[in-house]
Structures are given as structure tokens and as C-alpha cells.
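# Architecture and fold: a report
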Amino acid sequence: MAVEAVIWDFGGVFTSSPFEAFNRYEAENGLPKDLIRRINATDPDTNAWALFERNEIDTAGFDELFLKESTALGHPVPGREVLPLLSGSLRPRMVSALKACKQHFKVGCITNNMVTHHSPGADAPQRAAGAMGLVMPLFDHIIESSKAGVRKPDPAIYLMMCEALSVKPDACVYLDDLGVNCKPAAALGMRAIKVVDVDQTLAELAAATGLQFDEEALA
């Protein structure tokens, strides 16, 4: 089926990956590399991260529960110290690619976020980069986990986007920096692209959509 919509994740796609900031924090604090990712991968549907992204706990609750979970793995980390690490720098080439796609297809954004700390553009570094002003108004529809009460990789959130855009899954391209979030999209019939770096992503997006991104978009 011909492509009718391109659906995007936000963090790690339009901004640099928070995993880089996690690793810096771990190195600076003498913690094992990828500890934060391991905490987040433990009980991924019911842990502090999942509950916060579904807006089922507040900031204080996240701070306390994340500390409990990290302590159980032998390295106490307060949740309040993790939240500032979520900001990333904007990737202009990805924004240009979104604008190019918008000229030909419907475009949507599905983001797992936290209502008080990680709505795209909500924090100071993102406001300074203009992420909210530059990126979010371009989408035809946005689904935020903290508002929808459901988060990736639950297939329901992808189907919600398809319904909002009036498209079938097999008419969609989906981009995300996490393989665990790409898998359900692919299972539904979407062409899933795991974002590893900008060059690779734009090459795969060009192949999927038939678009040729000009030199300005790649600058």
C-alpha cells in the first residue's frame, strides 16, 4: 500500500538521545554504564518510568519509586536527578525532513512523556532550542502518553494515531529510536525505522517514502 502518513517519536528522533546524558551521569557518579536503562527495562509496564509516563504518579512519587528500584539493583539513584537528563539538542536535519514529509503525507507524533517534565519543549533547554515552536505545530496530530493514559509499546497507542489520521497501519511509516517501540508498529503493518543516526534515518526514510531530501535538508 502507498504511504499516506509518517508517524514520529520525539525524543531521540528530533533531539539527541537522552541515553548519552544517562551515560555521562553514570560516569560522573561512578555508576555502571547503562544502569539507568537497566532500571527502566525492569518491570517496564509497572515501574516508576511507566507509571510517570502514564501520569499515574506525580514527580515526588517518581523520585521515591525510582530510588527504590535503583537501590534494589545496588546503586541508589534519586529519580529527581534523572529527569533533567531527558533534554537533548534539536536536530535541524530531522526537522527539515518532517517539513518535506508534511508536503506529501499526513504527519503525526507519538511520544512517551511526563506531564510535568518532558512534554516536548517544556523544559528550559528545549525552550531555548525552540523545539516546541519549531516542531510540534507541524504535526497533524500529537499523542502524549501522559495525556492519553497509554504508552508505547502498547499497540493501542499506534492504533489511536491511525484512527486520528484516518489511515490504516500498512499505509504508515513509523520512526522511533527504541527498537521495543518499533516492533509493535511493524507488527501492525507499519514500515518501522529505528533511528540510530540522522544519515541512516534519512536514507531509510527516503527509501520508504520515495522522497529525495535536498541538500538544504541535509545540511
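See above for the structure.
Residues numbered from 1 in each chain as written. Predicted model: local features only at pLDDT ≥ 70, side-chain atom pairs only at ≥ 80, totals over all residues. Heavy atoms only, no water.

## With respect to helix H10 (residues 155-165)
When we look at burial in H10, the residues that qualify are Ile157, Tyr158, Met161, Cys162 and Leu165. Each buried residue of H10 lies within a common arc of 145 degrees when the element is viewed along its axis, so the set occupies one face. If you follow the buried residues of H10, they end up packed against strand E1 (5-8), strand E2 (106-111), strand E3 (141-144), strand E4 (172-176) and helix H11 (179-187). Sitting at the head of H10, Asp154 places a side-chain oxygen 2.9 Å from the backbone nitrogen of Ala156. Phi turns positive one or two residues past the end of H10, at Ser166, with a value near 60 degrees. (Buried < 20%, exposed > 50% of the residue type's maximum accessible area, 1.4 Å probe, protein only. Helix = DSSP H or I, 4+ residues; strand = E, 2+ residues; numbered from the N terminus. Arc of directions from axis to C-beta. Contact = heavy atoms within 4.5 Å. Polar contact = N/O pair within 3.5 Å; in protein donor to acceptor, adjacent residues only side chain to side chain.)

## Some remarks on helix H12 (residues 198-209)
Over its twelve residues, H12 runs 16 Å from end to end, which matches the ideal 16 Å to within 8%, given 1.5 Å per residue. Those residues of H12 that fall on the buried side of the exposure criterion are Val198, Gln200, Thr201, Leu202, Leu205, Ala206, Ala208 and Thr209. Where H12 begins, one side-chain oxygen reaches toward the backbone nitrogen of Asp199, 3.2 Å away; that side chain belongs to Asp197. Note on H12: the residue one or two positions beyond its end, Gly210, has a positive phi of about 80 degrees. (Expected span 1.5 Å × (residues − 1).)

## Some thoughts on the packing of aromatic side chains
Within a pair of aromatic rings, the relevant descriptors are the distance that separates the centres and the angle that separates the planes. By the definition in use, this model includes ten aromatic pairs. With centroids separated by 5.1 Å and ring planes inclined at 35 degrees, the aromatic side chains of Trp8 and Phe14 adopt a geometry described as tilted. Trp8 gets classed as buried once you look at its relative accessible area, which sits at 0%. With a relative accessible area of 0%, Phe14 lands in the buried category. Measuring from ring centre to ring centre gives 6.0 Å for Phe10 and Phe14, while their planes differ by 40 degrees; the resulting arrangement is tilted. One aromatic cluster in this structure is built from Phe19, Phe22, Trp49, Phe52, Phe62 and Phe66. (Phe/Tyr/Trp six-rings, centres within 6.5 Å; stacked < 30°, edge-to-face > 60°.)

## Examining the environment of Leu67
The residue Leu67 is located in helix H4 (residues 59-72) in this model. A relative accessible area of 32% places Leu67 in the partly exposed class. Residues Leu67 and Ile39, 28 residues apart in the sequence, show an inter-C-alpha distance of 10.0 Å. Contacts of Leu67, omitting those with residues within four sequence positions, involve Pro76, Val77, Pro78 and Gly79.

## Quick word on the pattern of salt bridges
Within this structure, the stated rule accounts for eight salt bridges. Here Lys152 and Asp9 are joined by a salt bridge, their closest N and O atoms 2.9 Å apart. Of the two residues, Lys152 sits in the loop between helix H9 (145-148) and H10 while Asp9 sits in the loop between E1 and helix H1 (18-28), which places them 143 residues apart along the sequence. The class for Lys152 is buried, based on a relative accessible area of 2%. Across the pair Lys147 and Glu144 runs a salt bridge, and its minimum N-O distance is 3.1 Å. Its relative accessible area of 64% is what places Lys147 among the exposed residues. Several salt bridges share partner residues, and in doing so they unite Asp9, Lys152 and Asp176 into one network. (Salt bridge = Lys/Arg side-chain N within 4 Å of Asp/Glu carboxyl O.)

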